[in-house]
Amino acid sequence: ALSVTVKFEVTDTPNEADEDLVVARTREHNRRFTVRDVRSLCVFVRDDDGSLIGGLTGKTYWQYLEVSFLWVSEAHRNSGFASRLMAAAEAEAVARGCKHALLDTFSFQALGFYQRLGYREFGRLSGFSGKHDRHYLHKKLGAET
């Protein structure tokens, strides 16, 4: 047997090339089982002078929309912008061939909002920062649920 000395490195300041290599090799492995169709999907809302007052970031892949961040400025909350951002993202995802959406939200964020949009909880983890829950939600797209 070949004897090799190895060293484990734990860091919060990784070499960018090392981090990129791990991502690339993982994606290389995944491509043997799936198509490579990951695309960014962002939706923004701006006021009259072009200032960003809300936005959604996410991506589509493998027939899923994954929402990462949703934000509306304090001054424009409860104006329906968050619902419209979500609807626009879901419509674009369906146009891209997505059949599902997924996201997560913390207990101090927007669980009820997402549930009103038809998202259903499929998992929950407790104990974030000692007291918060993280809710994992899913929604079927393109058909009435």
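None of these values were measured; they are calculated from a predicted model.

J.: Just checking my understanding: could you explain the environment of Arg32 for this structure?
T.: Along the chain, Arg32 falls in the loop between helix H1 (16–30) and strand E1 (39–46). Using a relative accessible area of 64% as the deciding quantity, one classes Arg32 as exposed. Distance from Arg32 to Ala82, taken between C-alpha atoms, is 37 Å for residues 50 residues apart in sequence.

J.: Explain the environment of Trp71 to me, please; I cannot follow it from the model alone.
T.: Within the secondary structure layout, Trp71 lies in strand E3 (residues 64–72). When the C-alpha atoms of Trp71 and Ser83 are compared, they prove to be 11 Å apart, with 12 residues separating the residues in sequence.

J.: Teacher, can you tell me more about the packing of aromatic side chains here?
T.: Given two aromatic rings, one states the distance between the centres and the angle between the planes to describe the pair. Applying the stated criterion across every chain, the model contains six aromatic pairs. Ring centres of Tyr61 and Trp62 lie 5.5 Å apart, and the angle between their planes is 80°; this geometry places the pair in the edge-to-face category. Under the relative-accessibility criterion, Tyr61 is labelled buried at 18%. Taking the relative accessible area as the measure of exposure, Trp62 reaches 37% and is therefore partly exposed.

J.: It is not clear to me how a negative patch on the surface should be interpreted in this structure. Could you clarify?
T.: Together, Glu9, Glu16, Asp18, Glu19 and Asp20 make up a negatively charged patch on the protein surface. Mapped onto the secondary structure, Asp20 falls in helix H1.

Parameters and conventions
Residue positions are given per chain, counted from 1 along the sequence in the order it is written. Residues qualify for local features only when their pLDDT is at least 70, as the model is predicted, and side-chain atom pairs are given and counted only at 80 or more; totals for whole chains, interfaces and linings, by contrast, use all residues. Derived side-chain values reflect all non-hydrogen atoms in the structure, with water molecules and hydrogen atoms excluded from consideration. Helical segments are the DSSP runs of H or I of at least four residues, strand segments are the runs of E of at least two, and each set is numbered from the N terminus. Between buried and exposed lies partly exposed: a residue is buried under 20% and exposed over 50% of the maximum accessible area for its type, with that area taken using a 1.4 Å probe on protein chains only. Pairing of aromatic rings covers Phe, Tyr and the six-membered ring of Trp, with a centre-to-centre limit of 6.5 Å; geometry is then stacked below 30 degrees between planes, edge-to-face above 60, and tilted otherwise. Candidates for patches are residues over 30% relative accessible area with no salt bridge; among them, like charges are joined within 9 Å and nonpolar side chains (Val, Leu, Ile, Met, Phe, Trp, Tyr) within 5 Å. Accessibility throughout is a Shrake-Rupley quantity obtained with a 1.4 Å probe, and a residue counts as covered only by protein chains that appear here. A pairing counts as a salt bridge when a side-chain nitrogen of Lys or Arg comes within 4 Å of a carboxyl oxygen of Asp or Glu. In this tally Asp and Glu are treated as negative and Lys and Arg as positive; neither His nor the chain ends contributes. Charge positions are represented by NZ for Lys, CZ for Arg, CG for Asp and CD for Glu.

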